[in-house]
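Overview (structure and organization)
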Amino acid sequence: MDIPVDHPRYQSLRIRERLAQAMQEGIVAPEGLCAHGRGESFDYLLGEETIPSAREAARCAAALFFAAKHPVISVNGNTAVLAASEIAALQKATRAMVEVGLFHRTDERVLMITDLLAAADVLVLGGEAERLLPLSHDRAFCLRHGIYEADLVLVPLEDGDRAGALAGLGKAVITVDLNPLSRTSRTATLPIIDEVTRALPLIASYAASMTPKEATAILDSMPDQAWFLQAALDTISQRLSHVLD
Ligand code: PTJ
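Just so it is clear, the structure is predicted and the values come from calculations on it, not from any experiment. (Residues numbered from 1 in each chain as written. Predicted model: local features only at pLDDT ≥ 70, side-chain atom pairs only at ≥ 80, totals over all residues. Heavy atoms only, no water.)

Considerations on helix α4 (residues 77-94)
Taking 1.5 Å of rise per residue, the 18 residues of α4 would be expected to cover 26 Å, yet its terminal C-alpha atoms sit only 22 Å apart, more than 12% below that figure. Taking the largest bend as the criterion, α4 deviates by roughly 90°, centred on Ala83. Of all 18 residues making up α4, 14 are buried, and the element is well covered by its neighbours. A side-chain oxygen of the first residue of α4 lies 3.4 Å from the backbone nitrogen of Asn78; this N-cap is Asn76. (Helix = DSSP H or I, 4+ residues; strand = E, 2+ residues; numbered from the N terminus. Expected span 1.5 Å × (residues − 1). Bend = angle between axes of the 7 residues up to and from the residue. Buried < 20%, exposed > 50% of the residue type's maximum accessible area, 1.4 Å probe, protein only. Polar contact = N/O pair within 3.5 Å; in protein donor to acceptor, adjacent residues only side chain to side chain.)

Observations regarding the site of the ligand
What surrounds the ligand is a group of 22 residues, the closest being Gly77, Phe103, His104, Arg109 and Glu195. Taking Gly77, its main chain carries an N or O atom lying 2.9 Å from an oxygen atom of the ligand. Contact distances for the ligand include 2.7 Å between an oxygen atom and a backbone N or O atom of Phe103. When the free accessible area of the ligand is taken as 750 Å², the share hidden by the protein chains comes to 93%. More than half of the atoms belonging to the ligand lie within 2 Å of the grid points that define the largest pocket. Breaking the shell around the ligand down by element, the ones donating at least two residues are α2 (30-46) and α4. Class assignment of the residues belonging to the shell around the ligand gives a composition of seven nonpolar, seven polar and eight charged. (Near = heavy atom within 4 Å. Areas by Shrake-Rupley, 256 points an atom, 1.4 Å probe, with all protein chains shown as cover. 1 Å grid on protein atoms, 1.4 Å probe; cavity = no way out; pocket = protein on both sides within 12 Å on 5 of 7 lines; lining within 4 Å. Sits in = over half its atoms within 2 Å of the grid points. Nonpolar A, V, L, I, M, F, W, Y, C, P; charged D, E, K, R; others polar.)

What about the pattern of salt bridges?
Think of it this way: side chains of opposite charge can pair up when their charged atoms draw near. For the coordinates displayed, the defined rule picks out ten salt bridges. Among the salt bridges present, the one from Arg198 reaches Asp43, with a minimum N-O distance of 2.8 Å. Placement of Arg198 in helix α8 (residues 196-208) and of Asp43 in helix α2 is noted, with a sequence separation of 155 residues between them. Given the relative accessible area of 23%, Arg198 is considered partly exposed. Across the salt bridge formed by Asp194 and Arg198, the nearest N and O atoms sit 2.9 Å from each other. Here the salt bridges do not stand alone but share partners, grouping Arg139, Asp159, Asp161 and Arg183 into one network. (Salt bridge = Lys/Arg side-chain N within 4 Å of Asp/Glu carboxyl O.)

What about the pairing of strand β2 (residues 97-100)?
Where strand β1 (residues 71-75) meets β2, four bridges bridge the pair, whose relative direction is parallel. Along β2, the bridge assignment pairs Ser74 with Glu99. Between the parallel elements β1 and β2, the chain passes through α4 in a crossover that is right-handed. (Pairing = 2+ DSSP bridges. Right-handed = clockwise from strand over helix to strand, strands pointing away.)

Written out as structure tokens, the structure is:
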């Protein structure tokens, strides 16, 4: 379909088109389109921009990466299609490992997503995934030398169960999810309530210039998870009451 450049929702329609195409190719799970729609609706409510508390969360995320010994970025189908080059930049800025971590896992999808990321210059961890996380179904699979041994895992657009299982294993869990009410956001050590293509470059830009002293100061005064969730909910409710006034 030809999307007219002057369409007021041009960018949004192009992204949908890209995801729909990637779904037909088998890279994005069909359920990923539902997840995207849910994300879009929360982005409307947040004003389709990075709110100040999400900017602060990105700064804290950069400090957590700085302090981590074995940080891993977990990438699923939606994230790979939306943000492959942003992941490459974040990997360079943080020296984190990148692992393909899927909810609807098949070897074929792991391979396609790995190729897509590699084409964007992401160094993707390889190896034999094992059933290591305390979860039923294939979400339990991950790499021993990747997510399983990580002390910090960044999980964009995740399902709550897996984020909870990672936190339960004692890892710091950073999530990127537009829904401040999702189980994912509520189980994270640090929830970033923002759109993934806005949040990842922000973390990368903070990480690129962070000094050890700054990282320590940020971590010493990092707000708790509830503060980030409440700030996003406050933004939504202010916007709603403003629109209705
Ligand atoms: O590729 P797979 O097999 O790993 O599957 C990926 C999906 C996304 C289908 C899977 O993880 C899933 O079902 O996720 P959920 O439980 O639907 O949660 C996805 C969350 O991401 C929702 O809360 C959405 O609001 C949020 N979301 C969607 N698009 C974006 C987003 N958050 C940030 N940026 C987005 N672009």
